[in-house]
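Residues per chain, in single letters:
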Amino acid sequence: MLSPAQNNDFSLSLYNSSKQLRLDQNTSYSLNPFRSWQMQIYSSNSEDKRLDFNQTSQTSRLSIALSRKSKLMNHEFRTGYEYLLDHSDLENELNPYSNKTGYLGYGMVFTPVDSLVLTGQFKGYYRREKDRYLDNHILISNGLQNLLSISYTADFTDKYLRIACNTDNKALDWEKFRSLTASLSAAYLGDKINADFIAGGGTKAEDLYVLTSPEPGDMSSFYDRYDHQKHNFLNTSLNLNLPLSDYFICRLSESYNLNTYLHDINRSRNTGDYNSQSQLTLEYAVTDKIRLTSNNQYSYYIKDLSYIDNSRIIETRSSNCGIAWEYNKDDSLSADYTIELRRTIYPDSGNDLDNDYLSAIWRLGWSMFLKDRLRLANRILYLQRQEVFIDSWLSANNNNLTSLQWQPEIDLLIGDCLMLKQEYQLRADYDDYLYNDFSGIKDTFYRQAGTSCHLIYDTSPLAAKLEIPIWADLPFRSRDLTAFRLDLGYAWERNETSSKEGYIYYINGRYDRQTLSLLLQKQHGIVIGQIFPKYSWGNWKEMNLLVSAAIKMNSNSSFELSLNPLGPDLDSLDWRFGCNLALAF
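Residues numbered from 1 in each chain as written. Predicted model: local features only at pLDDT ≥ 70, side-chain atom pairs only at ≥ 80, totals over all residues. Heavy atoms only, no water.

Asks: Explain the pairing of strand E23 (residues 484-501) here, please?
Replies: Walk down a regular strand and you will see the side chains alternate between the two sheet faces. In the sheet, strand E22 (residues 444-458) pairs with E23 via 15 bridges, with the strands oriented antiparallel. Each bridged residue has a counterpart across the sheet, and for Gln-448 the counterpart in E23 is Asn-495. Sheet topology note: the E23/strand E24 (residues 504-524) ladder contains 18 bridges and is antiparallel. Bridging from a neighbouring strand, Ser-499 pairs with Tyr-506 of E24. Following E23, the chain reverses through two residues before pairing antiparallel with E24; Gly-502 in that reversal takes a positive phi of roughly 70°. (Pairing = 2+ DSSP bridges. Helix = DSSP H or I, 4+ residues; strand = E, 2+ residues; numbered from the N terminus.)

Asks: I would appreciate a short explanation of the pattern of salt bridges in the present structure.
Replies: Tallied over the entire structure, the rule returns 31 salt bridges. One salt bridge in this structure joins Arg-22 and Asp-24, with 2.9 Å as the shortest N-O distance. Note that Glu-387 is salt-bridged to Arg-385, the shortest N-O span being 4.0 Å. Since its relative accessible area comes to 17%, Arg-385 is described here as buried. Several salt bridges converge on common partners, so that one network encompasses Arg-375, Arg-379, Glu-409, Asp-411, Lys-421 and Glu-423. (Salt bridge = Lys/Arg side-chain N within 4 Å of Asp/Glu carboxyl O. Buried < 20%, exposed > 50% of the residue type's maximum accessible area, 1.4 Å probe, protein only.)

Asks: What exactly am I supposed to notice about unusual backbone geometry here?
Replies: In most cases, non-glycine residues show a negative phi, while peptide bonds are predominantly trans. The omega angle of the peptide bond from Ser-460 to Pro-461 is 0°, so this bond is cis rather than trans. Here Pro-461 shows up in the loop between E22 and helix H2 (469-472).

Asks: Explain the environment of Asn-266 to me, please; I cannot follow it from the model alone.
Replies: Locating Asn-266 in the fold gives a position in the loop between strand E13 (248-263) and strand E14 (271-285). The class of Asn-266 is partly exposed, set by a relative accessible area of 35%. Once the C-alpha coordinates of Asn-266 and Leu-31 are considered, the two residues, 235 residues apart in sequence, prove to be 51 Å apart. Here the side chain of Asn-266 touches Ser-268 through a polar contact of 2.8 Å, side chain to side chain. (Polar contact = N/O pair within 3.5 Å; in protein donor to acceptor, adjacent residues only side chain to side chain.)

Asks: Explanation requested: the layout of surface pockets in the structure shown.
Replies: In this approach, a probe sized like a water molecule rolls over the atoms, and the result shows the empty space that is left. Here the largest pocket defines a volume of roughly 330 Å³. Forming the boundary of the largest pocket are 20 residues, of which Arg-61, Ser-63, Arg-78, Tyr-103 and Lys-123 lie nearest the centre. When residues of the lining of the largest pocket are assigned to their parent elements, the largest contribution, four residues, is made by strand E4 (residues 55-69). Looking at the lining of the largest pocket residue by residue, the class counts come to eight nonpolar, six polar and six charged. Roughly 260 Å³ of internal volume is contained in the second largest pocket. For the lining of the second largest pocket, the elements supplying multiple residues, two or more each, are strand E20 (399-414), strand E21 (418-433), E22, E23 and E24. The element best represented in the lining of the second largest pocket is E22, accounting for five residues. (1 Å grid on protein atoms, 1.4 Å probe; cavity = no way out; pocket = protein on both sides within 12 Å on 5 of 7 lines; lining within 4 Å. Points joined across faces, edges and corners; volume = space filled by probe spheres on them. Nonpolar A, V, L, I, M, F, W, Y, C, P; charged D, E, K, R; others polar.)

Laid out in structure tokens, this is it:
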């Protein structure tokens, strides 16, 4: 309630395939029936049919709000209707779930001063549900909901403070909850120091009901209150931006999150999540072209599970340091090193599952331009990882992983409309198990090679669309609304896994895939059409053809149609159809 004014709009989305049929529709319309009064009408309908196991779900909503704004107090009268339907052949012993709910409410916002806002909302509900166990019987539920909130805001030139408190109570025959939330946010924006603090927390007490089948001779089923759940939560965050000098910046952040669920009867379902995170970031500009960075993080997470002996404590420490050097305009060289230690403790298991994970990663990146039109880039990654199960019956899985990856790229711009784009990847992973002589677990080796090449022609022109500064400075033709784009692509990838026998690795798994694609796209004014066939072969085959057309009337209004047959061969294609319509008026 008391929602802000909305633009008039209509949207429709349709998706159809051999497994799913989905329809979504939304309409919003506003008018001024009287002076100083505004009426908003909103309707929505969503239908989803899962054809593979015959499930149907539908949600329909209609709301009408009549509001009046004044200097100190705003009023709103709202009424609405909601319909829910859920049916599946997996529940063939029950009737489809059907829920019809109508409501009538009033809300007000009182602003005695600019910084103080008082809000009150009240709703009355009337609900009808079809009995899932007995035919031709209706379950009726009535009730009320009220929401009260107060907020105070103090906004100065360099300071900001906001305090808010909300209470929400809903009491229907088998839907009852009471919640209380509060939040505090503050910020200081100085000439050099910037700081902000956000804290929010609350509690929600809720009665839980379950639909119970009738006893022999009963005239209807009924909702039975089987438990009472209490949810407590707390979220805090602190961010501090401290420039120590014109060249040295320090950033500090701290956050804490708490979520607990407590039950009166089924206490074994009680759970808790506690998470604390700290981060320190340092940036130092040695010169205008050389920059040093350091990022250090620490997190402590507790997952408390009462219903199974699987509670865990995860402690993570990581540190990263790097250097970036722009030795020429648009040419750069970077290097960084990251070390991370993650400990996982299972206190309920007697340390049988405890695990330590230590990794160190070295990265080297290089990017440069030759003759302004040829871009060369290289990324090299070297990783060492140790995974250790201390005092654990899983200690036979202790292993060291060594990984090396190389990713070169070559981009060549020809003229202002043609580009040849190439990407390559080489990767090798060695996994060494420390106790394989006793456990029988064999060392493994994994390697991967792949490439992706694209020949792109775009008359828009291409140089103006890539958002690369050095190419945007090159001379190119002016852009128009009759652009044509062609993208011919080829990709190849091979993955191999092997196990070690003595001093030799024997390949025991191989995966190959090649993909050929062609994108044809044409724009004429506000109309854009494209044809995008793609074929993959190797260990498995896939045929994919996307045909689509779109009309972009303005930034908020468009119409799109798409047809996408997809499958391993012509005889087993899944024909997917999509339609999207958005109108703003």
